[in-house]
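# Breakdown of the fold
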Amino acid sequence: MNPPQRPRALRKPFVAAIVITDVDSERQLSTRTSDLILDGCFVVTTTPLNPGVKVQITIVHAGAKVMAFGRVVSTRADGMGIAFTKIEQRDQAVLGGG
C-alpha cells in the first residue's frame, strides 16, 4: 500500500521584484518571482544557485518589503524553487494578501 500523499500547496501567480543572496558567498541575484506557495516561491533566473544553497530573500510587492530565509530545493533552465525556512509572521501576512 502506498503512503498517503501530502496535498500539494496551492500555487498562485505572484509576480514581484526579488533579491536572492547566497548566505555563504554573498552573491546576489536581482530578478522576479513567478509564483508563490505558502512554503516558498519560484524565482525566474538563467543562473540558478545549486540545490541546498541557503539564501536570504527580499521581496518587494505593492510597496511592502518582505524578508525571509530559505534554501534552494530545485533548479530548472528557467529558474529555481526556493523553500522558506524562516519568515516573520507579519511578512507571511503581506505575502498571503498578494
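Source: prediction; values computed, not measured.

### Quick look at the nonpolar core
Residues Ile20, Leu49, Val55, Ile57, Met80 and Ile82 are the most contacted members of the largest nonpolar core, which totals 19 residues. Contributions of two or more residues to this core are made by strand 1 (12–22), strand 2 (28–37), strand 3 (40–44), strand 4 (54–61), strand 5 (64–76) and strand 6 (79–87). No other element matches the 4 residues that strand 6 contributes to this core. The contact partners of Met80, leaving out residues within four places of it in the chain, are Ile20, Leu29, Cys41, Phe42, Val43, Thr45, Pro48, Leu49, Val72, Ser74 and Thr75.

### Focus: the pattern of salt bridges
Evaluation of the coordinates by the stated rule reveals 1 salt bridge. Between Asp78 and Arg76 there is a salt bridge; the shortest N-O distance is 3.0 Å.

### Thoughts on the environment of Glu88
Here Glu88 lies in the loop between strand 6 and helix 1 (89–96). Among the residues examined, Glu88 registers a relative accessible area of 38% and is labelled partly exposed. Residues Glu88 and Phe69, spaced 19 residues apart in sequence, show a C-alpha to C-alpha distance of 9.7 Å.

What counts and how
- Residues numbered from 1 in each chain as written.
- Predicted model: local features only at pLDDT ≥ 70, side-chain atom pairs only at ≥ 80, totals over all residues.
- Heavy atoms only, no water.
- Core = buried A, V, L, I, M, F, W, Y, C linked by side-chain atoms within 4.5 Å.
- Buried < 20%, exposed > 50% of the residue type's maximum accessible area, 1.4 Å probe, protein only.
- Helix = DSSP H or I, 4+ residues; strand = E, 2+ residues; numbered from the N terminus.
- Contact = heavy atoms within 4.5 Å.
- Salt bridge = Lys/Arg side-chain N within 4 Å of Asp/Glu carboxyl O.

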